[in-house]
Every structure is written in structure tokens, then in C-alpha cells.
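Next come the chains, spelled out residue by residue.
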Amino acid sequence: MPAPVHLFDHPLVQHKLTLLRRKQTCTAEFRSLLGELSMLMTHDLTRHLPLREVEIQTPLAPARGRLIEGKKLVFVPVLRAGLGLLDGMLAVIPNARVGHIGLYRDETTLKPVQYYLRLPEGMPARDAIVVDPMLATGNSAVAALDLVKAAQPRSLRLVCLVSCPEGLANLRARHPDVPVYTAAIDERLNERSYILPGLGDAGDRYFGTRA
Ligand code: URA
């Protein structure tokens, strides 16, 4: 039985995703919406984190409270578009560690080519979250999960903003044990392997690299 696909169905997520998708959304608005979306998604994504009881002192009295247990989380954005979600995630969890995976899509073979990998130390004691906003063919996400899995994190999840049936099927075949979190499962891929209706090229829209 493969791990579940979790849909971020909160009304705020769906509202902001719709604004983000629109063709007329400018670069500045795209950035701020993506930041807001990533904060909302991180809130949901970290629901499972274990807590430990602690004793604290408020200005008025001793109290018992709960803090997140264990070593710091690791976010692993897949460059370049994954960076668009990182600031929002760090706004919610400022102490998280960050790894980077550089992959580009060879436009002829559509296969991912790795050009960078840097993960924090102590991965076996950490929960890792791979961040790739668009799950299209799924090839980059599969390659990114291969690389992070090799470092043996305590747990591993994938978060993507928009996915599609083809990408999810690829992922389920290659990494059935990894839970996937997404805000939308779109219709299909086009002949250039872009998601339809999707939102276009997430990296270009976030970095403003295309007119
Ligand atoms: N990458 C994107 O940015 N958008 C797509 O639709 C597919 C891959």
C-alpha cells in the first residue's frame, strides 16, 4: 500500500493558488503569494511532529509546555524553483536546516541532470522534506528523493504545490513509501511536459526570467 497523497484543501490555500495561476499575476505578486502559500502548507505539513513536555517559567508562574522533539528539520529545495517556497517555510520554522539539490531538465531526454548536492550533517536523526513546486513528469522529484534517501533521513516527505496524474504515478512507482503533499492534482501534461492547466514555468515566474 503506497503512502498517502495529502491534498492541502484549506480554503486559503485554494484561493491563493488560483490567484497565483492567473496569467496576469505579476512577478511581485507571484512571489508574495508563493511565500504565503508555503507558510500555510508548512503549517499543515508539520502537524505530525512529535512534542516533548517541558517546564518553563512565565513572568507570573511556573508552567508546563510542549516543544518540538528531536533534531532540526531539513528542507531540501530542488533548484531552482524550489527556492520559491523556501523563505515561507523558514518563516514558519526559522531553525530548520537547508539542503540543496541542483537538477535541470534536459529538454531532449526530459531526464534530470544533477549539478549540485549539499545536505546538512546528521541526516539519519532528521526529518527531511523535499520541496519541488511542480510535480510534472516526476523525474526530478524521483531523482531528488533518490539522493536524499541515500543519506538515510529519519523520515522523508515530498511537498509540491501543483501535481498531475503522470507525475504522481511515476513517484508512486519509484518511491511508494514517501508521502506526497500537494495543493492540486491537475489534468495532465502537455507535449512539452508542462502541467495543464498548471501555472506555467514556476522558476521563470518566480525569478522573472522571461518577459
Ligand atoms: N516545471 C514548471 O515550472 N512547470 C510545469 O508545468 C512543469 C515543470
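See above for the structure.
Structure report, in brief.

Reading the values: rules and limits
- Residues numbered from 1 in each chain as written.
- Predicted model: local features only at pLDDT ≥ 70, side-chain atom pairs only at ≥ 80, totals over all residues.
- Heavy atoms only, no water.
- Near = heavy atom within 4 Å.
- Polar contact = N/O pair within 3.5 Å; in protein donor to acceptor, adjacent residues only side chain to side chain.
- Areas by Shrake-Rupley, 256 points an atom, 1.4 Å probe, with all protein chains shown as cover.
- Helix = DSSP H or I, 4+ residues; strand = E, 2+ residues; numbered from the N terminus.
- Buried < 20%, exposed > 50% of the residue type's maximum accessible area, 1.4 Å probe, protein only.
- Pairing = 2+ DSSP bridges.
- Right-handed = clockwise from strand over helix to strand, strands pointing away.

What about the site of the ligand?
Phase 1 of the analysis: Residues in close proximity to the ligand include M134, A136, S193, Y194, I195, G200, D201 and A202, which together make up its full environment.
Phase 2 of the analysis: Between the ligand and the protein, one listed contact pairs a nitrogen atom with a backbone N or O atom of G200 at 2.8 Å.
Phase 3 of the analysis: In the complex, 88% of the free accessible area of the ligand, which totals 240 Å², lies under the protein chains.

Comments concerning the environment of R47
Phase 1 of the analysis: Looking at the element boundaries, R47 is found in the loop between α2 (27-45) and β2 (51-57).
Phase 2 of the analysis: In terms of polar contacts, R47 uses its side chain to reach the side chain of D44, at 2.9 Å.

A closer look at unusual backbone geometry
Phase 1 of the analysis: Between L79 and the following residue, R80, the backbone shows a cis peptide bond with an omega angle of 5°.
Phase 2 of the analysis: Checked against the element boundaries, R80 lands in the loop between β4 (74-79) and α3 (83-92).
Phase 3 of the analysis: In this structure, P197 follows L196 across a cis peptide bond, with omega equal to -5°.
Phase 4 of the analysis: If you trace the backbone, P197 turns up in the loop between β13 (195-196) and α6 (202-207).

Side note on the pairing of strand β11 (residues 180-185)
Phase 1 of the analysis: By the criterion of burial, β11 is predominantly enclosed, with 5 of the 6 residues buried.
Phase 2 of the analysis: Summarising the sheet, strand β1 (residues 5-7) and β11 pair through 3 bridges and their orientation is parallel. Bridge pairing in β11 links L7 to T182.
Phase 3 of the analysis: Here 5 bridges tie strand β10 (residues 155-163) to β11, and the two strands are oriented parallel to one another. Bridged to L158 within β11 is V180.
Phase 4 of the analysis: Of the crossover connections in this fold, the one passing from β10 over helix α5 (residues 165-174) to the parallel β11 is right-handed.

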